[in-house]
Amino acid sequence: MHSSSALFRFLASSLLLLSACGSDSDEVRASALMAPLNGGMAMGNLQFLEAEHDGSRHVQLDITLSQCPEGIHGFHIHEGTSCGNNGDDALGHWNPTGEAHGRYGQTPFHQGDIGNVTCNAQGQGTLSIEAEGWTLDNDPNTGILGRAAILHANEDTYVQPTGNAGGRIACGLITLDGA
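Residues numbered from 1 in each chain as written. Predicted model: local features only at pLDDT ≥ 70, side-chain atom pairs only at ≥ 80, totals over all residues. Heavy atoms only, no water.

Student: Just give me the short version of the overall build of the protein, but keep the residues and values in it.
Tutor: Scanning the protein from N- to C-terminus turns up 1 helix and 9 strands. For the protein, the α and β elements follow one another from N to C terminus as α-β-β-β-β-β-β-β-β-β. Every one of the 179 residues in the protein was classed for burial, and the buried ones make up 38%. Considering only residue pairs separated by 6 or more positions, the protein has 59% of its internal contacts joining residues 24 or more positions apart. Entry remark: accessible area of the protein is about 9,400 Å², with carbon and sulfur atoms responsible for 55%. (Helix = DSSP H or I, 4+ residues; strand = E, 2+ residues; numbered from the N terminus. Buried < 20%, exposed > 50% of the residue type's maximum accessible area, 1.4 Å probe, protein only. Contact = heavy atoms within 4.5 Å. Areas by Shrake-Rupley, 256 points an atom, 1.4 Å probe, with all protein chains shown as cover.)

What follows is the structure, given as structure tokens:
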């Protein structure tokens, strides 16, 4: 009798777990670990969540930085799929629509234009955005998986052609969670 009771608890727990997972089956999660470049110390963690919101797909991005130089720093998703060569292999800003550089959400802007992150005197910075037009897959026009995210040394001034954000001080590749 003892083993059937344990089996019942196991099956009941499994059903609860499956029903909980089923409610979020349309969500996709990805992340990127930012590593320092060019002798710097800046690092961070990016968390992405793609889900249905108001009848369309959106990607929520939460950026958490540490050991970052105090000040304002441009942050972009780049075309490349590598952080090699001190971040140069990340190539230019991701721009599948061929738009001019600008501030995210204000036409015109590159799809990879995220904005600026302010880091405090303790080297910590955070930023959250909700993006339309991104997907957590490999679609050439909307997909950000495998692309490099870059933290720049300076503030993005949003002027042409790339906002004068300066050198690349941290980089991370966007990958699916659990893959």
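Picking up where we left off.
Student: How would you sum up the side chain of Asn 116? Please name residues and give values.
Tutor: Tracing the backbone shows Asn 116 in strand 5 (residues 113-119). Within the structure, Asn 116 has its side chain in polar contact with the backbone nitrogen of Asp 156 (distance 2.7 Å). (Polar contact = N/O pair within 3.5 Å; in protein donor to acceptor, adjacent residues only side chain to side chain.)

Student: Give a description of the state of the cysteines that names residues and reports values.
Tutor: Scanning all chains against the criterion turns up 1 disulfide. The disulfide partner of Cys 83 is Cys 171, and the S-S distance across this bridge is 2.0 Å. Handedness of the Cys 83-Cys 171 disulfide follows from its S-S torsion of about -70°: it is left-handed. Taken together, the positions of Cys 83 in the loop between strand 4 (71-77) and strand 5 and Cys 171 in strand 8 (residues 168-173) put the pair 88 residues apart, joining distant regions of the chain. (Disulfide = S-S within 2.5 Å.)

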